[in-house]
Amino acid sequence: MGKTRKIKGTVVLMKKNILDLADYVASFIDRTFELFCRRVTLRLVSPVHCQPGTKQGKVTKPAKLERWLIKIASIVSAKEVKFSVTFDWDVEEMGVPGALLIKNRHFSQFYLKTVTLHDVPGQGEVLFICNSWIYPAKRYPEDRIFFTNETYLPSKMPEPLKYYRNRELKLLQGNGSGELKEWDRVYDYAYYNDLGQPERGPEYARPVLGGSPEFPYPRRGRTGRKPNKADPNTESRLPLAISLSVYVPRDERFNHVKLSDFLAYAVKSVGQIIYLELLSIFDKTKNEFDSFQDVLKLYEGGIKLPGGGKLRNYVPLELIKELLRTDGERLLKFPMPGDKSAWRTDEEFGREMVAGVNPEFPPTSTLDPNLYGDQTSTITKEHIEKHMNGLSVEQAIKDNKLFILNHHDSLMPYLSRINTTSTKTYGSRTILLLESDGTLKPLAIELSLPDPQGDQYGCTSQVYTPAHRGVESTIWQLAKAYVAVNDSGVHQLVSHWLNTHAVIEPFIIAANRQMSVVHPIFKLLHPHFRDTMYINALARAILISAGGVLESTVFPSKYAMEMCAVIYKGWNFSEQALPADLLKRGVAVPDETQPCGVKLLIEDYPFAVDGLEIWAAIEEWVTEYCNYYYPTDDIIQDDVELQLWWEEVRTEGHGDKKDEPWWPKIQTKQELVTSCTTIIWIASALHAAINFGQYPYAGYLPNRPTVSRRFMPVPGSPDYAELEANPDVGFLKTITAQFQTLLGVSLIEILSRHSSDEIYLGQRDSPKWTTDACPLEAFQRFGRKLEQNRKLLNRCGPVQLPYTLLDPAYSDSVKALGLTGLGIPNSVSI
């Protein structure tokens, strides 16, 4: 037995709060508990020796947090506070501490940030990065366990710590039953069976997404709420007023700063809607814009706040600070998103609409002809060659100059149902020409409807070509508007929600269930999981549910989510890697001489140009990291936690696709690197590119309408006559109505904002996230590479709105806060 000595430590925590206000009642009760010796205690765990007769590491006697009674963090706002703690520890007998156990015998929970041990013999500083809410001891079956910032593969974990590592994973997995409460730390799976409200009537019933061939879907986090009384297959829902308390593991929820920002955004948006709706009471045409000047009134005027940001400096509360932003925004009005007229040009339309190269002409359909009849395009050479500057269709195809934006096959199976709602829209195919200056020019738009006799009889189609005079020019503007409606809906439902938010959640759940926090791959991916489960849960509660904001503002209406599930049938994880995605969409060709193995066919394609640089930087970082922990493939194959994680992602999280042949096996380093790079890409750069440009591009609704309310006017009809007499009114009566516009613009304004606590790609919440020097150095190189200036081509177009969505610009003093369109957050967090 060696000599016992005192080891001093510093504990950093934040007491219970209400948003960013200190909770005085909880603080008073906790101090009362202290008086009766109901304290917060910690015990250190040895990584060297086990307790007699067990496989559990030896532990010290409990040490209490000192001076809790007299420590006051802040009079008003929630702040971190430091406490001292003193342990009796025999370093010779027990080694350097490897873990700590903590018990909270207070009345209230607190947020434990870090525990630092000072002057540990032979080691110096020992750091525990905790970042977790600690609820009263009665809420847990065991004391909470935290490990040092060491990184261990399962086989390398010190034997006395393995028991605690395995115990923690079992607690996180739960038992699969019961309703989960806020203090539960359970990660489990469920179908999307919480979107409907059948008790309100058939109009609010929604099918279960996931678990069936008809509606496959990624899994979400389980809440365990009781079945709906009107339909046992549907989970009951929380009332809207308490939707912020929807269950996710407590550490997955927004912190107090972000939640305050989020609520401030919502308060501002609701205020803007109410104010503008009140102004419209005296409008002669209810819920209609009478002119484009009416549209501009959403953005012009308002109340200007004091400039310079000085007022914010004197306000302690984050929510109030956000309401008092002074970056040019005004109270009760939306910020002006961009140019007010350039959206009408064909050049800007082409710039925003690029999708994929057209390998054959005319476009063909992949829909089953037995179900949907003949869906062959009616676009002919005669329609487009007159706009091709003397180029033939054959030559354009040979030179990779002909492109298509195809919203036909994905929408046609649902159009008959969608058009029974207030929406009146089409399937669309748009042909575009890549011109010599690198811009895309639309050549023809085909709008299609299911045959009136039934879907099995095919479709009826009308082709529109560019026109710039008379009523034909307005018809052409409407044709582009119908395409924009399709594109904005598919963007929101598929590109944004499905392909980032929904598909990433199963990776998060499985990682927490199967990989320890000290596992190297968990540490690699964890920053890219931040806040995703919570924002997804809020989306299910408010946005994508029956009658929610999304159903009210995008064209598929009540069929939005089931259409999304049908589109998920074509989802392929391997094709989410950026180079594979570009190849699939035909905007690149294989070229091993290029850094990412692909050559772009459109050189000035900002998303692809910038994206490939970001992809290459992520891949290089992940490669260096994996090389350090997995020098050989057999270590990957023998990593039990890693293999269980990947197996569970495939068979549970994406269980409807478990038998797909494209799943990587994760048996080699290359498979591991590519898979982790893809996950990081989806969560960070892909989501940033898809999400944070929504307001700059779609905040002005005529540019990106989300709904079409009537079909294309035909000659001889009253609508056509109106279009001839007053083109602007005819256009505005066709696209999104006034109240839908207010809802839609409010939504994308909230979604497009960066919060004040954002952590960006190349950053971590703690610089000491691991003790291993090589990964730390590799991560620093990754951050420096992201900061390097990249080659910027012409990326403004007629609206003079530069493409900056994949610019990782940030610094410690100037962050991409607000509606900047700058910066790549680490995770899908909004």
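Coordinates for the structure precede this section.
Our subject in this report is the structure included herewith. Sequence order as written defines the numbering, with residues in each chain counted from 1. Owing to the predicted nature of the model, reporting of local features is limited to residues with pLDDT of at least 70; listing and counting of side-chain atom pairs is limited to 80 or more, with chain, interface and lining totals taken over all residues. Side-chain numbers come from the whole structure's heavy atoms, not from hydrogens or water.

One side-chain nitrogen of Lys or Arg within 4 Å of one carboxyl oxygen of Asp or Glu is enough to make a salt bridge. All told, the structure shown has 42 salt bridges when counted by the stated rule. Residue aspartate 719 pairs with arginine 710 through a salt bridge whose shortest N-O separation is 3.1 Å. The buried label applies to any residue whose accessible area, calculated with a 1.4 Å probe on protein chains only, is under 20% of its type's maximum; exposed applies above 50%, and partly exposed to all values in between. Among the residues examined, arginine 710 registers a relative accessible area of 13% and is labelled buried. What you see here is one network of salt bridges that share partners, running through Asp194, Arg220, Arg225, Glu235 and Arg540.

We now examine the sheet that holds strand S1 (residues 5-15). Strand pairing in a sheet is mediated by backbone hydrogen bonds. Such pairs are either parallel or antiparallel. Sheet architecture is open: four strands sit in the order S7-S1-S9-S10, paired in antiparallel fashion. Edge positions in the sheet fall to strand S7 (80-89) and strand S10 (124-134), since each of these pairs with one other strand and no more. Neighbour-to-neighbour, the strand axes of the sheet open up by a mean angle of 20 degrees, direction not taken into account. Taken together, the eight bridges between strand S9 (residues 110-120) and S10 define a ladder with antiparallel strand orientation. When the bridges of S10 are listed, phenylalanine 110 appears paired with isoleucine 134. Two strands make a pair as long as DSSP finds a minimum of two bridges between them. Numbering of helices and strands runs from the N terminus; a helix is a DSSP stretch of H or I covering at least four residues, while a strand is a stretch of E covering at least two. Only the contacting stretch of a helix is used when fitting its axis, a line to C-alpha atoms as for every element, and angles between N-to-C directions run 0 to 180 degrees.

Relative to the helices and strands, serine 675 is located in helix H22 (residues 669-691). Serine 675 sits in the buried class, given a relative accessible area of 2%. The criterion used for residue contact is that any of the two residues' heavy atoms lie within 4.5 Å. Filtering out sequence-adjacent residues up to four positions away, serine 675 remains in contact with Phe573, Trp646, Pro664 and Ile666.

Moving on to a nonpolar patch on the surface. On the surface, Val270, Ile274, Leu278, Ile281 and Phe282 cluster together into a nonpolar patch covering about 530 Å² of accessible area. Counting through the fold element by element, leucine 278 comes out in helix H4 (residues 256-279). Think of a patch as exposed residues, more than 30% relative accessible area, with no salt bridge, where like charges cluster within 9 Å and nonpolar side chains (Val, Leu, Ile, Met, Phe, Trp, Tyr) cluster within 5 Å. Areas reported here follow the Shrake-Rupley algorithm with a probe of radius 1.4 Å; residue values treat only the protein chains shown as occluding.

Pairs were defined over the aromatic rings of Phe, Tyr and Trp, the Trp ring being its six-membered one, requiring ring centres within 6.5 Å. Orientation was assigned from the angle between planes: stacked under 30 degrees, edge-to-face over 60, tilted for the rest. Going through the model one piece at a time under the given rule, you end up with 38 aromatic pairs. Judged by centre distance (6.4 Å) and plane angle (80 degrees), the ring pair of tyrosine 192 and tryptophan 497 falls under edge-to-face. Residue tyrosine 192 is located in the loop between strand S12 (189-190) and strand S13 (220-221), and its partner tryptophan 497 is located in helix H13 (residues 470-514); the two are separated by 305 residues in the primary sequence. By way of ring pairs, the aromatic residues Tyr192, Tyr217, Trp497, Phe507, Tyr568, Trp571, Phe573, Trp645, Trp646, Trp662 and Trp663 are connected into one cluster. Two conditions define a charge located above a ring, namely a distance within 6 Å from the ring centre to NZ of Lys or CZ of Arg, and an angle within 35 degrees of the ring normal. Over the ring of tyrosine 140 we find arginine 144, and its NZ or CZ is 5.5 Å from the ring centre. Sitting above the plane of the tyrosine 414 ring, arginine 417 keeps its charged end 4.1 Å from the centroid.

In this fold, phenylalanine 349 is placed in helix H8 (residues 346-353). Spatially, the C-alpha atom of phenylalanine 349 lies 7.7 Å from that of lysine 480, the residues being 131 residues apart in sequence. Setting aside residues up to four positions removed in sequence, phenylalanine 349 forms contacts with Thr430, Pro442, Ile445, Lys480 and Val483.

A general feature of soluble globular proteins is that nonpolar side chains tend to end up buried together. As used in this record, nonpolar core signifies buried Ala, Val, Leu, Ile, Met, Phe, Trp, Tyr and Cys residues forming a set joined through side-chain atoms within 4.5 Å. Counting residues in each nonpolar core, the largest one holds 164 residues, and the members touching the most others are Tyr217, Ile521 and Trp645. Looking at which element gives the most residues to this core, the answer is H13, with 22 residues. Once residues lying within four places of it in the same chain are set aside, the contact partners of isoleucine 521 are Met515, Cys626, Tyr630, Leu642, Trp645, Leu672 and Cys676. Ile7, Trp68, Trp89 and Ile134 belong to the second largest nonpolar core, which has 28 residues in total.

Right, let's get into the packing of H13 against helix H15 (residues 532-543). At a closest axis distance of 10 Å, the pairing of H13 and H15 adopts a crossing angle of 125 degrees. One element, H13, and the other, H15, form an angle in the oblique class. Pair H13 / H15 crosses with left-handed handedness. Residues Trp497, His501, Ala502, Ile504, Glu505, Ile508 and Ile509 of H13 lie in contact with H15, whose contacting residues are Thr532, Met533, Ile535, Asn536, Ala539 and Arg540. Class assignment for the residues of the contact of H13 with H15 results in eight nonpolar, three polar and two charged. Orientation categories follow fixed angle ranges, with anything under 35 degrees roughly parallel, anything over 145 roughly antiparallel, 65 to 115 roughly perpendicular, and all other angles oblique. Note: crossing handedness is left-handed where the near helix turns anticlockwise from the far helix by less than a right angle, and right-handed where it turns clockwise. The classification used treats Ala, Val, Leu, Ile, Met, Phe, Trp, Tyr, Cys and Pro as nonpolar, Asp, Glu, Lys and Arg as charged, and all other residues, Gly among them, as polar.

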